Amino acid sequence: MGLIRKNSAPETPVSEKRSRTRNCDSLQQQLEDASPVARRWAARDLLDCPQSVPALVARLAMETDMSVREVVLTTLTRLGNEAAVNGLMACLQSQDAGLRNEAIACMQQLPQEVAPIMQQLLASPQPDLRIFAVNILASLCHPDVESWLIQVISQDEHVNVCAAALDLLAEVGTVRAQAAITQVRSRFADEPYIQFAADLAFMRVTESRSRNDKIVD
């Protein structure tokens, strides 16, 4: 009876093994390889080549293999430098809704790196980009999230942007947002959804205050 090996790491399939050396220049060239396997290896290994962010971002714009795209996005997120964040931000203007959502998810993992560009996103002339910025805030663990949302409902003139911000304030807002919620309700007095969302957000932030008061007591 043959011996059974325990806890042995599975071997990498031959088709998945690297075919080139891990040189940054060659890895960037490998991003253009016809084989998705080669492109995946290149995207993984370029984690050691921060200067290769432009090549990774360019790959995203044309990549059709979802597994390769996932690795490219993971590498950009792990690099997390200014160029990577700017590349992810550029993806928000893609016509590919899936890529936009993936970029949002990646940016949500980089609160400190994304914070410096949040004002830029919230001031975009494109309402869709401002809504994407609010979507990023939904899971961005940063102390200024509520302040940014209050800014949106206080200043933004687009009903859908304010509606998105109110929806999120209903989840994360505190009593600090009460005045701004009341004001946005007045600003969009003829918009039924804003009336509904503002009432809900106001009720939620009031309830949160009551819960905190009980905890203090």
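Scroll up for the structure.
Residues numbered from 1 in each chain as written. Predicted model: local features only at pLDDT ≥ 70, side-chain atom pairs only at ≥ 80, totals over all residues. Heavy atoms only, no water.

## Considering helix α2 (residues 36-45)
Across the 10 residues of α2, 8 count as buried, placing the element largely inside the fold. Within α2 the residues assigned to the buried category are Val37, Ala38, Arg39, Arg40, Trp41, Ala42, Ala43 and Asp45. Along its buried surface, α2 packs onto α1 (24-30), α3 (53-62) and α4 (66-79). N-capping of α2 is provided by Ser35, with a side-chain oxygen placed 3.2 Å from the backbone N of Val37. (Buried < 20%, exposed > 50% of the residue type's maximum accessible area, 1.4 Å probe, protein only. Helix = DSSP H or I, 4+ residues; strand = E, 2+ residues; numbered from the N terminus. Contact = heavy atoms within 4.5 Å. Polar contact = N/O pair within 3.5 Å; in protein donor to acceptor, adjacent residues only side chain to side chain.)

## Quick notes on the pattern of salt bridges
In the structure shown here, the tally under the stated rule is 9 salt bridges. Measuring nitrogen to oxygen at the nearest pair gives 2.8 Å for the salt bridge that ties Glu63 to Arg39. Note that Glu63 is positioned in the loop between α3 and α4 and Arg39 in helix α2, a separation of 24 residues in sequence. Like Arg39, Glu63 is buried. (Salt bridge = Lys/Arg side-chain N within 4 Å of Asp/Glu carboxyl O.)

## Re the packing of aromatic side chains
Applying the stated criterion to the full structure yields 1 aromatic pair. Ring plane angle 50° and centroid distance 5.8 Å describe the contact between Tyr193 and Phe196, whose orientation is recorded as tilted. Of the two residues, Tyr193 and Phe196 are both situated in helix α12 (residues 192-216); the distance of 3 residues between them amounts to about one turn of the helix. Overall, Tyr193 belongs to the partly exposed group, its relative accessible area being 41%. Residue Phe196 is classed as partly exposed on the basis of its relative accessible area of 48%. (Phe/Tyr/Trp six-rings, centres within 6.5 Å; stacked < 30°, edge-to-face > 60°.)

## Concerning the packing of helix α5 (residues 82-91) against helix α7 (residues 111-122)
The N-to-C vectors of α5 and α7 enclose an angle of 40°; their axes lie 10 Å apart at closest approach. Between α5 and α7, the crossing angle belongs to the class labelled oblique. Handedness of the α5/α7 crossing: right-handed. Residues Val85, Asn86 and Met89 of α5 form the contact with α7, whose participating residues are Glu113, Val114, Ile117, Gln120 and Leu121. Across the contact of α5 with α7, the residue classes tally to 5 nonpolar, 2 polar and 1 charged. (Axes fitted to C-alpha atoms, helices over the stretch in contact; angles between N-to-C directions. Parallel < 35°, antiparallel > 145°, perpendicular 65-115°, else oblique. Left-handed = near helix turned anticlockwise from the far one by under 90°. Nonpolar A, V, L, I, M, F, W, Y, C, P; charged D, E, K, R; others polar.)

## Description of the packing of α5 against helix α6 (residues 97-108)
In contact at an axis separation of 8 Å, α5 and α6 are set at 145° when each is read in the N-to-C sense. Pair α5 / α6 crosses with left-handed handedness. Only Leu99, Arg100, Ala103, Cys106 and Met107 of α6 make contact with α5, whose side of the interface consists of Leu88, Met89 and Cys91. Across the contact of α5 with α6, the residue classes tally to 7 nonpolar, no polar and 1 charged.

## Here we look at the state of the cysteines
Going through the model one piece at a time under the given rule, you end up with 1 disulfide. The disulfide partner of Cys24 is Cys49, and the gap between their sulfur atoms is 2.0 Å. Residues Cys24 and Cys49 are joined through a disulfide that is left-handed, its torsion about the S-S bond being -85°. With a gap of 25 residues between them, Cys24 in helix α1 and Cys49 in the loop between α2 and α3 connect regions that are remote in the sequence. In terms of burial, Cys24 and Cys49 fall into one category: buried. No disulfide involves Cys91; its nearest neighbouring cysteine sulfur is the one of Cys106, lying 8.4 Å away. Assessed through its relative accessible area of 8%, Cys106 is described here as buried. (Disulfide = S-S within 2.5 Å.)

## What to know about helix α9 (residues 145-155)
Along α9, the residues that are buried comprise Val145, Glu146, Trp148, Leu149, Ile150, Val152 and Ile153. Buried-residue contacts for α9 involve α7, α8 (127-137), α10 (159-172) and α11 (178-187).

## Some points on the side chain of Thr75
If you trace the backbone, Thr75 turns up in helix α4. Separated by 2.7 Å, the side chain of Thr75 and the backbone oxygen of Ala43 make a polar contact. Residue contacts for Thr75: discarding those within four places in its chain leaves Ala43, Arg44, Leu46, Leu47 and Leu56.

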